Amino acid sequence: MAATKPKYYITTPIYYVNARPHIGHTYTTLAADTIARYKQMRGYDVTFLTGTDEHGQKVERSAKKEGISPIDFVDRVAAEYHGLWQELGFRVDRFIRTTETRHAHAVQHLFREIQRNGYVEKGYYEGNYCVHDEMYVEDPTPGALCPECHRPTEVVKEENYFFKLGKFEKPLLNYYQEHPEFLEPEARRNEVISFVSGGLRDLSISRTTLKWGIPWPGDEKHVFYVWSDALTNYLTAAGYPLKKEEFERLWPADVHLVGKEIIRFHAVYWPAFLMAAGLPLPKKIFAHGHLLFQEEKMSKSRGNIQSAQPIARVLGADALRYFLLREIVFGQDGNFSREALVARYNSDLANGLGNLASRTLTMIEKNFEGRVPKPGEETPAEKALAGEAQTAMAEAQKHYEAFAFSRALEAIWALIAAADKYLTSEQPWALGGSPDEQKRRGTILWTSAEALRIVCLLAHPVLPASTNKVWATLGQSGTPGNQDWDALRWGQLAPGTRLGKTEALFPRVDKTEAIERIEAMENELQKPAAPAAAAAPAAAPGAAAAPAVSEKIAIEDFTKVEMRVGQIKTAERIAGADKLLKLTVDIGTEIRQICAGIAQYYEPEALVGRKVAVVVNLAPRKLRGVESNGMIVAAAVGPEGRPVLAGFLEDVEVGARLR
Ligand code: ME8
């Protein structure tokens, strides 16, 4: 019987629903996704958790502002997060929402335990309070200004439940000392140690000033303070407290990935809560740095938000993953700029990986009938490249283990550069057709394909979608993600393997155009949602009967429609359907069968050879029992909507995309 795999439980923060997701949230989630994929290849049974933090004052207020109930409000934003992770292809295993019943139960259970162990007491919070923002203000000076709205605060006295955090000062310091791996990177660890050494005050963990929260068991005028509620999500999602077996398997978490601004909650309050409840602590908290956008903090009021969707739609989700993990040292702050993104895309992905794959695979296709050649005798050049591959494997593993993604990628790209250099110096394309030369060409192309196979495996955690494509083109079975990393060796590419279908990988983009497209999509995304039913102005009497332009769509909605130039190859009538013609249309990559409702206006013979605009990514459907795989674009003219086929003023290449 196969031994059970060790578990690996990795989490991201659960994101507040009072703001929409941007690349900062995506950054943590894609880093977690990368670690999850790497650990899976290392043989772990991985559980990757993310979710949304849905309680608290701000959410209550945002919903009120929109005139909807808090639950409708949170449902909408939670769906947006969930949908985004799906669009980006993240392998999220569990998605938790703090408004779920199981979570309320877990929070109440946890704090009941903590209370039973003597670490909770009722008391009064006395201090400055901002009525406008409904929040406690730390500055104790009478009349201090609220840091949020800068209005003067009032002194209030409110009944709260308090957690006796002060009791955990020594235990926490001991724990940090004994478990240096608990808190990373080093700078954050030092910061936390110095904070705790400065003394810990008891922590207010309930509120009576809001309703949108989890009720305190047995004292329902209190709800849990949003952070005591939020942190508990990591337990709830692991099955706490009812699913005992599952909880014992998953807990403690192997790593909580967080941004550095919430380190105190995760490295001080959270372990103290767990100690107080007698539960094991997570094995590691890793706090990464902040992503700046053009050197500034991203914020709605500055108008400098960058979301993930435009980048994923213009360059692919892998490009965003690669850029953020390659450009920024994980753990430190870093800058995002569209210029740097597109420059790296072209240099490292299009010219780097994309070029190595296309050179190697095209030459094998051309010279070896699409089968991996058999390598002959090794020269020092092959030995050197094999050596580079060994180094890349060892380095990538070492750096992935330390979450040093940029260094792992550097090591992998050093192998790509070495393989490129190898091809350039060995020049397989310059060899002639003699058996010896063909044999030598086989050795070179096998070697370069083997380097490509290794690159695919090593880069897979960061570039899952594109390495899957190359893997299939290399004729390999399964995906790189389900290969055993530890069994990875140079020399395993089997000669004779039939290559798969070549797929475009990172086509070069025009820098200015790509940046403009990303920017335009972002602007659309940031526009407030259109009012639900703006009345269309009535047409003036006697005006041309052109229909009113319907509701505006975002550029990304338009780019979902793929239109190409097609050429009609055959056209015939369909018996029993007097409006339909059955066409076969060449769209550049294949011939499609498409039905068009133009039979009353066009003679089939007159259509053959015509170039038309075709929507090529419509889901296939049957019209009068005949399959139609696409749509021909036509203007609907006059009251009866006579179809007039769209054409082109100049001769255009079949398959060209319409934009
Ligand atoms: O803090 N750079 O939620 P949140 C890097 N609900 N990472 C960023 C970032 C940026 N500019 N902006 C956001 C909360 N992040 C709480 C968490 S957990 C029990 C509760 C990422 O929506 C980063 O991971 O404000 C940061 O910690 C998190 O989003 C904050 O998300």
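These remarks concern the structure in this document. Model, not experiment: these values are computed from the prediction. (Residues numbered from 1 in each chain as written. Predicted model: local features only at pLDDT ≥ 70, side-chain atom pairs only at ≥ 80, totals over all residues. Heavy atoms only, no water.)

## Points about the overall build of the protein
Thinking step 1. A tally of regular secondary structure across the protein gives 20 helices and 25 strands.
Thinking step 2. Each principal axis of the C-alpha atoms in the protein carries an extent, and together these give about 90 × 85 × 50 Å.
Thinking step 3. Surface exposure of the protein reaches about 31500 Å², of which carbon and sulfur atoms provide 52%. (Helix = DSSP H or I, 4+ residues; strand = E, 2+ residues; numbered from the N terminus. Areas by Shrake-Rupley, 256 points an atom, 1.4 Å probe, with all protein chains shown as cover.)

## Some remarks on the site of the ligand
Thinking step 1. Taken together, 23 residues lie near the ligand, and I14, T28, D53, E261 and L291 sit nearest.
Thinking step 2. Between the ligand and the protein, one listed contact pairs a nitrogen atom with a backbone N or O atom of G24 at 3.4 Å.
Thinking step 3. Within the side chain of T28, one N or O atom sits 2.6 Å away from an oxygen atom of the ligand.
Thinking step 4. Bound to the protein, the ligand loses 90% of the 670 Å² it would expose on its own. (Near = heavy atom within 4 Å. Polar contact = N/O pair within 3.5 Å; in protein donor to acceptor, adjacent residues only side chain to side chain.)

## Considerations on helix α5 (residues 169-178)
Thinking step 1. Buried within α5 we find L172, Y175 and Y176. What you see down the axis of α5 is that its buried residues fit within an arc of 100°, all on one side. For α5, exposure combined with an orientation more than 90 degrees from the buried face picks out K170, Q177 and E178.
Thinking step 2. For α5, the secondary structure elements touched by its buried residues are β7 (183-184), α6 (186-197) and α10 (263-277). (Buried < 20%, exposed > 50% of the residue type's maximum accessible area, 1.4 Å probe, protein only. Arc of directions from axis to C-beta. Contact = heavy atoms within 4.5 Å.)

## Considerations on a nonpolar patch on the surface
Thinking step 1. There is a patch of nonpolar side chains on the surface, built from I553, I555 and F558 and spanning about 250 Å² of accessible area.
Thinking step 2. Turning to its location among the elements, I553 is positioned in the loop between α18 (511-526) and α19 (555-559). (Patch = residues over 30% accessible without salt bridge, like charges linked within 9 Å, V, L, I, M, F, W, Y side chains within 5 Å. Salt bridge = Lys/Arg side-chain N within 4 Å of Asp/Glu carboxyl O.)

## Considering unusual backbone geometry
Thinking step 1. With an omega dihedral of -5°, the bond running from Y240 to P241 counts as a cis peptide bond.
Thinking step 2. Relative to the helices and strands, P241 is located in the loop between α8 (233-236) and α9 (244-250).
Thinking step 3. A cis geometry characterises the amide bond from W251 onward to P252, with omega recorded as 5°.
Thinking step 4. Within the fold, P252 resides in the loop between α9 and β11 (255-259).

## Here we look at the packing of helix α1 (residues 23-41) against helix α12 (residues 317-327)
Thinking step 1. Where α1 contacts α12, the axes come no closer than 10 Å and their chain directions differ by 90°. Here α1 lies roughly perpendicular to α12, going by the angle between them. Residues I23, T26, Y27, L30, A31, D33, T34 and R37 of α1 form the contact with α12, whose own contacting residues are L320, R321, L324 and L325. (Axes fitted to C-alpha atoms, helices over the stretch in contact; angles between N-to-C directions. Parallel < 35°, antiparallel > 145°, perpendicular 65-115°, else oblique.)

## What about the layout of surface pockets?
Thinking step 1. Space inside the second largest pocket adds up to approximately 1200 Å³.
Thinking step 2. Elements with a minimum of two residues in the lining of the second largest pocket: α11 (308-315), α12, α17 (464-473), α18, α19 and β25 (657-658).
Thinking step 3. Among the elements that take part in the lining of the second largest pocket, α11 stands out by supplying 4 residues, more than any other.
Thinking step 4. A class-by-class count of the residues in the lining of the second largest pocket yields 17 nonpolar, 4 polar and 11 charged. (1 Å grid on protein atoms, 1.4 Å probe; cavity = no way out; pocket = protein on both sides within 12 Å on 5 of 7 lines; lining within 4 Å. Points joined across faces, edges and corners; volume = space filled by probe spheres on them. Nonpolar A, V, L, I, M, F, W, Y, C, P; charged D, E, K, R; others polar.)

## Topic: the environment of G432
Thinking step 1. Following the sequence through the fold, G432 ends up in the loop between α15 (405-426) and α16 (435-459).
Thinking step 2. Look past the residues within four positions of G432 in its chain and what remains in contact with it is E437, Q438 and R441.

## Considerations on the pattern of salt bridges
Thinking step 1. A full pass over the atoms with the stated rule returns 38 salt bridges.
Thinking step 2. Residues E401 and K39 are paired through a salt bridge, measuring 3.4 Å at the closest nitrogen-oxygen approach. Pair noted here: E401 is in helix α14 (residues 380-401) and K39 is in helix α1, with a separation of 362 residues, a long-range link.
Thinking step 3. Taking relative accessible area as the criterion, E401 reaches 37% and is therefore assigned partly exposed.
Thinking step 4. The buried category is assigned to K39, whose relative accessible area is 7%.
Thinking step 5. Taking the shortest distance from any N to any O, the salt bridge between E524 and K527 comes out at 3.2 Å.
Thinking step 6. Taking relative accessible area as the criterion, E524 reaches 28% and is therefore assigned partly exposed.
Thinking step 7. Judged by relative accessible area, K527 falls into the partly exposed class, the value being 49%.

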